[in-house]
Amino acid sequence: MRPGKLAGRVYAGLVYAALYFPLLIVIAFSFNDAKRNLIWKGFTVKWYGTLFADAELVAALWTSLKVAATASLIATLMGLLASYVLVHHPRLRAKRAYDSALSVPLMVPEIILGVGLLSLYTRVCFDLSFWGLVCAHVVYCLPFVVWVVKARISSLKGHSVEEAAMDLGATEWQAFHKITLPLAWPAILAGGMLAFTVSFEDFVTSFFVAGVGTTTLPIKIYSMMKFGITPEINAMSTILLVLTLLLVAAYYFLNTEKNQDQLPV
Amino acid sequence: MTGSYLLELKNIHKSFDSHRVLNDVSLQIREGEFLTLLGPSGCGKTTTLRIIGGFEQPDSGEVYLNGARVTHLPPYRRNVHTVFQHYALFPHYNVFENVAFSMRLKTLPPQTIEKEVKDALSLVALSGFEKRKVSQLSGGQQQRIALARSLVGKPSLLLLDEPLGALDLKLRESMQLELKKIQQKLKMTFVYVTHDQQEALTMSDRIVVFNHGRIEQCGPAREIYEKPASSFVADFLGNANILAATLLEILPGSRAEILLEGEIKLKVPCAEALPVAAGQRLCVAIRPEKIQLHSGPSQDASKVSLPCVLNDVVYLGSSARVLLSPFSGCAKTIQATVVKYGRSGADSAGGLNGTAPGGTIWAQLDGDDILLLPPESDS
């Protein structure tokens with residue numbers, strides 16, 4: 001092997017190691033039979049047991065799931081509507097301004113979004129409860145949904161399938177539910193899953209707007225860290241990681257061309 | 001007054017973002033007609049079709065269908081169907097459901113739907129394809145299914161937006177004839193959009209030539225080819241050499257004398273109403289196939305012979321295109337079509353007589369083959 005090629009491989013190996021080694025440590029030490037130290041003592045799954053005996057942790061997991069499910073559902077519905085209007089509205093003024101305004105939350109530093117939401121909520125005395133958190137997450141997730149769903153809807157428009165349906169006698173609503181919805185379905189589902197993932201693993205925004213009783217899992221993990229990194233944290237993180245990876249895999253699976261009814265070119 | 005026309009467009013204007021796409025377009029279509037909207041891309045022909053279909057609304061002007069004003073009706077409330085450029089078949093339905101779509105919406109009885117789909121598929125020669133998925137069809141087959149799907153609702157008018165554009169030449173030519181046959185069999189009215197002049201000539205009863213959002217000319221194919229109303233039409237439908245001329249004198253018997261490119265006088269036939277008065281400039285068009293090439297000037301007094309420099313010969317298979325520079329001083333290049341090019345011992349009528357590029361050859365014109373046109377506008 002030429003030295004240049006070898007160097008390239010070593011470099012690539014180091015990059016991937018830097019990316020994945022921390023994750024592997026977390027996973028490995030979640031099975032370590034030792035309390036709070038980083039020396040391997042033997043294999044165990046007991047931390048997963050103690051994890052589910054911890055009522056606060058289970059409550060946090062449950063809160064996270066509820067928030068993510070609700071927020072991603074709302075964000076998906078809103079994102080679908082927004083995508084449809086942005087693509088199909090014939091003479092929407094400043095269409096591009098709306099379009100880019102929707103993706104701003106993707107680029108704004110999340111901490112600013114968090115501070116902004118917090119000061120808004122306290123100003124209008126919005127209870128920092130479950131729905132406050134859901135609202136914050138909807139704001140944060142919406143651009144992700146639009147990003148995925150709009151691409152599909154505008155590709156459908158490019159193929160005039162909705163126009164063909166209306167041409168054959170379908171009203172706008174019939175064209176939407178007989179043509180747009182079935183053809184965009186995998187993208188909508190993928191957008192929803194992406195929103196779920198984003199909401200489920202969100203820390204910064206949640207940290208600002210979560211109140212007592214709405215501690216999400218990432219916040220709970222953070223607070224547990226005050227007493228050092230325990231094997232429970234590793235176990236919980238592993239569960240979080242696996243769940244996220246599954247969702248991301250599902251997203252990629254749904255969003256491939258193979259899985260969407262192919263439009264003839 | 002909408003009279004007995006099936007479709008009538010009245011003074012349609014349409015702009016997109018201050019860009020004028022249609023400028024005062026008026027058009028009448030009779031029942032059972034095959035009408036082609038022809039023009040280069042961006043000339044407004046597709047926008048006209050979309051206004052008829054209800055996908056766009058004109059800024060001003062009216063659309064009448066069977067005498068009723070439909071200008072602002074949505075597509076689903078017009079008995080007009082469209083065959084889209086890329087077919088727009090529904091990929092999540094099979095062939096049967098695609099064709100049955102309009103009837104399902106009307107909730108017709110299943111037996112009726114089945115029979116109609118069967119008839120439509122046999123009409124486009126795809127019987128037995130009911131259960132196929134759209135993705136399993138070839139481009140030509142998809143095209144036929146799109147046609148069947150649009151025919152099945154018995155629309156009073158079928159709009160076709162460059163439906164053959166994506167097919168290869170052979171398939172396109174056979175589909176052209178087939179489309180025409182189907183149209184005649186069903187006695188249906190077709191409005192067909194294309195930028196392909198050959199396609200327009202093959203199928204149409206009448207052709208409407210568009211340019212820059214305006215109708216340049218409207219009439220039967222033969223009339224448009226033989227009596228183009230403008231130099232644009234003459235050049236777009238078939239090729240034409242457009243030359244500048246001055247009208248010298250109007251002669252009795254529908255003839256006129258002109259001065260061609262400031263060089264030669266000749267007598268040509270002209271219409272009763274000339275576009276310009278004597279002494280003014282105009283354009284003339286000469287079809288490449290009307291120019292004959294000879295090795296010397298003609299002895300025939302009724303013909304004009306121009307000495308030209310042979311620039312180039314483009315071999316086209318069944319014919320060849322010869323590029324000539326006429327009148328030493330003229331910057332224009334004229335084209336002549338030679339049919340018998342390449343034969344050994346090329347004959348004198350239309351042959352090049354072995355003249356090589358750079359050599360001199362005589363282009364012979366018959367005054368009767370020269371078309372007088374209004375001068376080219378600056379716009």
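Residues numbered from 1 in each chain as written. Chains lettered and ligands numbered in written order. Predicted model: local features only at pLDDT ≥ 70, side-chain atom pairs only at ≥ 80, totals over all residues. Heavy atoms only, no water.

## What about the overall build of chain A?
A count of helices and strands for chain A gives 11 helices and 0 strands. Seen along its three principal axes, the alpha-carbon backbone of chain A occupies a region of about 70 × 65 × 30 Å. Relative to its 265 residues, chain A shows a buried fraction of 43%. Surface summary for chain A: the accessible area is close to 14400 Å², and the carbon and sulfur share equals 71%. The distance from the centre of the 20 positive side-chain charges to the centre of the 15 negative ones in chain A is 7 Å. (Helix = DSSP H or I, 4+ residues; strand = E, 2+ residues; numbered from the N terminus. Buried < 20%, exposed > 50% of the residue type's maximum accessible area, 1.4 Å probe, protein only. Areas by Shrake-Rupley, 256 points an atom, 1.4 Å probe, with all protein chains shown as cover. Lys, Arg positive; Asp, Glu negative; His and termini not counted. Charge placed at Lys NZ, Arg CZ, Asp CG, Glu CD.)

## Thoughts on the packing of aromatic side chains
Using the criterion set out here, one finds 20 aromatic pairs over all chains in the structure. Each ring, one from Phe 130 of chain A and one from Trp 131 of chain A, has its centre 5.2 Å from the other, and the planes form 80 degrees; the classification is edge-to-face. An angle of 90 degrees between the planes, with centres 6.5 Å apart, marks the rings of Phe 207 of chain A and Phe 208 of chain A as edge-to-face. What makes Phe 207 of chain A partly exposed here is its relative accessible area of 43%. By relative accessible area, which is 22% here, Phe 208 of chain A ends up partly exposed. Above the plane of the ring of Phe 129 of chain B lies Arg 132 of chain B, whose end atom (NZ or CZ) is 4.4 Å from the centre. One Lys or Arg, Arg 149 of chain B, reaches over the ring of Phe 90 of chain B and ends 4.5 Å from the middle of that ring. (Phe/Tyr/Trp six-rings, centres within 6.5 Å; stacked < 30°, edge-to-face > 60°. Lys NZ or Arg CZ within 6 Å of the ring centre and 35° of its normal.)

## Side note on the interface of chain A and chain B
In this complex, chain A contributes 22 residues to the contact, which on the side of chain B involves 21 residues. Summed over both partners, the interface of chain A with chain B comes to about 2100 Å²; 67% of that surface belongs to carbon and sulfur atoms. Linking chain A to chain B there are 1 salt bridge. On the surface where chain A and chain B come into contact, there are 5 residue pairs in polar contact (both at pLDDT 80 or more). When residues of the side of chain A that touches chain B are traced back to their parent elements, those giving at least two are α7 (161–167) and α8 (172–200) of chain A. When its residues are assigned to classes, the side of chain A that touches chain B shows 11 nonpolar, 6 polar and 5 charged. (Contact = heavy atoms within 4.5 Å. Buried area = accessible area lost by both parts, 1.4 Å probe. Salt bridge = Lys/Arg side-chain N within 4 Å of Asp/Glu carboxyl O. Polar contact = N/O pair within 3.5 Å; in protein donor to acceptor, adjacent residues only side chain to side chain. Nonpolar A, V, L, I, M, F, W, Y, C, P; charged D, E, K, R; others polar.)

Interpretation in functional terms is not warranted from these geometric data alone.
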